[in-house]
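Here is how the chains run, residue by residue.
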Amino acid sequence: MSETPADPGALRIILQKAIVTLETISSVIILIMMILTFADVIGRYVFHSPVFGGTEIIGALLALAIFSGLGVINARDEHITVELFEVPIRRLVGPLPYHIITQSFSVVCMTLIAAVMFEQAWESYLNNKLTVVLEMPVYYVTGTVAVFAVISVISQVAGIAVRISNSDGRRGPIDQ
Amino acid sequence: MTTALLGFAILLMLCFAGFRVGFATLMVGFVGFAFERGWTASLAMVAQQVTEDAQNYNLSVIPLFILMGVFIYRSDISRDLYDAAYAALGRFRGGLALATVLACGGFSAVCGSTLATAATMSKVAMPQMKAYNYSDKLAAGTIAAGGTLGIMIPPSVPLVIYGIIAEQDIGLLFIAGVLPGMLLVGLFLLAVSLTVRLDPDSAPMADELHAERKRKAVRGTTPVLILFIIVLGGIYGGVFTATEASGIGAFGAAVIAFLRGHLRTVMQWRVCLVEAAMTTAKIFIVLFGALVFTQFINLSGMPYELLDYVDEWELGPAGLVAFICVIALMMGMVFETIGIVVLLVPVFLPALFAMDVDMIWFGIIMVLVTEIGLITPPIGMNVFVVKSVLPEVRLGDIFRGVSTYIAALFIGLLLVFFFPQIATLLPSIAR
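Residues numbered from 1 in each chain as written. Chains lettered and ligands numbered in written order. Predicted model: local features only at pLDDT ≥ 70, side-chain atom pairs only at ≥ 80, totals over all residues. Heavy atoms only, no water.

S.K.: Hey, could you go over the interface of chain A and chain B for me, with residue numbers and the actual values?
M.R.: On the chain B side, the residues contacting the 57 residues of chain A number 55 residues. The contact between chain A and chain B buries some 5,000 Å² in all, and 79% of this surface belongs to carbon and sulfur atoms. Summed over the shared surface of chain A and chain B, the result is three salt bridges. The salt bridge involving Arg44 of chain A is made with Glu244 of chain B; its shortest N-O contact spans 2.4 Å. Viewed at the interface, chain B and chain A are joined by 11 residue pairs in polar contact (both at pLDDT 80 or more). For the side of chain A that touches chain B, the leading source of residues is helix α1 (residues 8-45) of chain A, giving 16 residues. In terms of residue class, the side of chain A that touches chain B is built from 33 nonpolar, 16 polar and eight charged. (Contact = heavy atoms within 4.5 Å. Buried area = accessible area lost by both parts, 1.4 Å probe. Salt bridge = Lys/Arg side-chain N within 4 Å of Asp/Glu carboxyl O. Polar contact = N/O pair within 3.5 Å; in protein donor to acceptor, adjacent residues only side chain to side chain. Helix = DSSP H or I, 4+ residues; strand = E, 2+ residues; numbered from the N terminus. Nonpolar A, V, L, I, M, F, W, Y, C, P; charged D, E, K, R; others polar.)

S.K.: Residues and numbers for the pattern of salt bridges, please.
M.R.: Summed over all chains, the structure comprises 15 salt bridges over all chains. Measuring nitrogen to oxygen at the nearest pair gives 2.5 Å for the salt bridge that ties Arg20 of chain B to Asp77 of chain A. You can see Arg20 of chain B sitting in the loop between α1 (2-16) and α2 (21-37) and its partner Asp77 of chain A sitting in the loop between α2 (54-76) and α3 (86-93), one on each of two chains. Here Asp77 of chain A falls in the buried class, since its relative accessible area comes to 2%. Linked by salt bridges that have partners in common, Glu23 and Arg76 of chain A together with Arg270 of chain B make up one network. (Buried < 20%, exposed > 50% of the residue type's maximum accessible area, 1.4 Å probe, protein only.)

S.K.: Kindly report on the packing of helix α10 (residues 170-198) of chain B against helix α20 (residues 421-430) of chain B, identifying the contributing residues and their values.
M.R.: Residues and elements named next belong to chain B. Between α10 and α20, the shortest axis-to-axis distance is 7 Å and the interhelical angle comes to 140°. One way to sum up the angle between α10 and α20 is to call them oblique. Of the two possible hands of crossing, α10 and α20 adopt the one that is right-handed. Packed against α10, whose contacting residues are Leu172, Ile175, Ala176, Val178, Leu179, Pro180 and Leu183, the element α20 presents Ile422, Ala423, Leu425, Leu426, Pro427 and Ala430 at the interface. When grouped by side-chain class, the residues that make up the contact of α10 with α20 number 13 nonpolar, no polar and no charged. (Axes fitted to C-alpha atoms, helices over the stretch in contact; angles between N-to-C directions. Parallel < 35°, antiparallel > 145°, perpendicular 65-115°, else oblique. Left-handed = near helix turned anticlockwise from the far one by under 90°.)

S.K.: Before we move on, can you summarise α20 of chain B with the specific residues and values?
M.R.: Inspection of α20 of chain B places Ile422, Ala423, Thr424, Leu426 and Pro427 of chain B among the buried residues, and these make up the whole buried set. On the buried face of α20 of chain B, the contacting elements are α10, α11 (211-236), α17 (359-373) and α19 (395-418) of chain B.

S.K.: Requested: an account of the packing of α1 of chain B against α2 of chain B, with residues and values cited.
M.R.: Residue and element names in this part refer to chain B. At a closest axis distance of 10 Å, the pairing of α1 and α2 adopts a crossing angle of 155°. Between α1 and α2, the crossing angle belongs to the class labelled roughly antiparallel. Crossing angle aside, the handedness with which α1 passes α2 is right-handed. Taking contact as the criterion, the partners of Thr3, Gly7, Ile10, Leu11, Leu14 and Cys15 in α1 are, on α2, Val21, Ala24, Thr25, Val28, Phe35 and Glu36.

S.K.: Residues and numbers for the environment of Leu232 of chain B, please.
M.R.: Residue and element names in this part refer to chain B. Position of Leu232 among the secondary structure elements: in helix α11. Looking at Leu232, the relative accessible area reads 12%, which means it is buried. Each C-alpha atom of the pair Leu232 and Ile175 lies 7.3 Å from the other, and the pair is 57 residues apart in sequence. Residue contacts for Leu232: discarding those within four places in its chain leaves Pro154, Phe174 and Val178.

S.K.: Give a detailed account of α10 of chain B, specifying residues and quantitative values.
M.R.: All names here are of chain B. Here α10 spans 41 Å end to end across 29 residues, near enough to the 42 Å set by a 1.5 Å rise per residue. Taken as a whole, α10 carries its principal kink of about 30° at Val178; the proline Pro180 stands between one and four residues after it. The N-capping residue of α10, defined by a side-chain oxygen 2.8 Å from the backbone nitrogen of Gly171, is Asp169. (Expected span 1.5 Å × (residues − 1). Bend = angle between axes of the 7 residues up to and from the residue.)

S.K.: How would you sum up a negative patch on the surface? Please name residues and give values.
M.R.: Together, Glu305, Asp308, Asp311, Glu312 and Glu314 of chain B line one region of the surface with negative charge. For Asp311 of chain B, the position within the fold is in helix α14 (residues 302-312). (Patch = residues over 30% accessible without salt bridge, like charges linked within 9 Å, V, L, I, M, F, W, Y side chains within 5 Å. Areas by Shrake-Rupley, 256 points an atom, 1.4 Å probe, with all protein chains shown as cover. Lys, Arg positive; Asp, Glu negative; His and termini not counted. Charge placed at Lys NZ, Arg CZ, Asp CG, Glu CD.)

S.K.: Tell me what's going on with the nonpolar core, and back it up with residues and numbers.
M.R.: Within soluble globular proteins, side chains that are nonpolar generally end up buried alongside one another. Judged by nonpolar contacts, the single largest core of 228 residues is most densely connected at Phe67 of chain A together with Ile62, Ile161 and Phe362 of chain B. Ranked by the residues each element gives to this core, the list is headed by helix α13 (residues 266-300) of chain B, at 19 residues. When residues no more than four places from it in sequence are discounted, the contact partners of Ile161 of chain B are Ile62, Ile283, Leu287, Ile338, Val341 and Val342 of chain B. (Core = buried A, V, L, I, M, F, W, Y, C linked by side-chain atoms within 4.5 Å.)

Keep in mind these numbers describe shape, not what the thing actually does.
Put into structure tokens, the structure is as follows:
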């Protein structure tokens, strides 16, 4: 019998694949950023010829790296927290309700970010905004960032579902 | 002011309850701003802040310096750094602990992560100190405290974040961190000497390092030293900006790792790049939250009302900075470094500017204070990292072991506070 996406096992597998893909994308972006920044500096100071539009490309890559990385961080719930009272509160409220409350809050916040990023992308598309140096449509970047932001929300929700289905909602890696 | 105080109270409650710090700050900032100006304006503000900062070229310094640190961390250079430090200081009583301090300083300078330094040095230095019957208190305490040097000695991510929030030159902040960083290394070395003088049994004399191992250690650490000099010297000499230096640093670190036999497979590259990308995402979500929260705090008028109080209480610049330090020290017991910087700095920014406080000096003071928080109870992150790597060492022993270094950090703080030139001398020359 084949597994359906509603099956926690199938969801876990899909999420693992999504995490690997997002990790690969973000790592390639970071690698390009490093090479481009290095080439830009060497080009500027050694050959008096910096990479054309280098700063603009690096800025765009930074946004893509952040939002592709966020998908993974959200799925694994690896955000920075103050853990001083987490354990007693979790015990008081109950692990599952605690997980649902804190994670729902995170989902709402991430949805807010995704929504405003989409609005930005849509606005730049409607106004046909161009970047200053490369004269590239701004929505290429804002649109991709918005898509990554939505993927982040989806991976966040999927991560919560996998954790709830597997255990008591405790934080931790879901792909190990 | 009332709205801002309410916002702060809610934010602290959310953080203490275990809500993710980045999301909590962002949501409180968003709702608070909407409370003052309406939902549409608040949505526009969040959109502008997140979009602009996510694409800010100058902020690419964060992932690239993180990447540099990851490459260095993965290149197994810690052993050579430790041996080189021991070659220099091994002839003194407590030589292994002294070498640990020096190696921590050197490793964290290029690695940039306090936690990675503490974890790595636990593995490298602890077996040596154990072999020579060093007391757990001295050995583990030295490692935990030595790890904190990473956030002062440049490149330092907390300094970058402070620079962004306070709108200060990141390159100058890095340069300003050099002398205080060296001062702290000196004070830590002094703390070790004092400890072993008072309790000689805690650190028996160890054997001298074999000549061949000394040579290997020097050979191994030379490239890292050169990279550090290029990165910092480049910024100091005005050859390149902090962002450009980060690109050079990351590339140089990759070359060093490759030459040391690492980064030879796609998988090894992937591990490093993913680690850097994930850390970047984690930091940026906190940064987005902080910048949104700052907008709300500014709009509420709280920083300006605080300015009135500062005038009324006749605190003066030094009094104001001392007051902020006390708050930061208390926050340091619970919050981690970046959390303190992003929550505290925006609130006092107008008052600090109005009082004509040197913001480069203040940045160094803030980082120094948060450094103390890394080893003070109840949440001394570095202490817990050492404990996790060395489960056989009692937590109480580590906390007792760091107490001498906490005293050293306080002395360092007082020295930088009363002699601001320690932080401002190099930037003033570089300007």
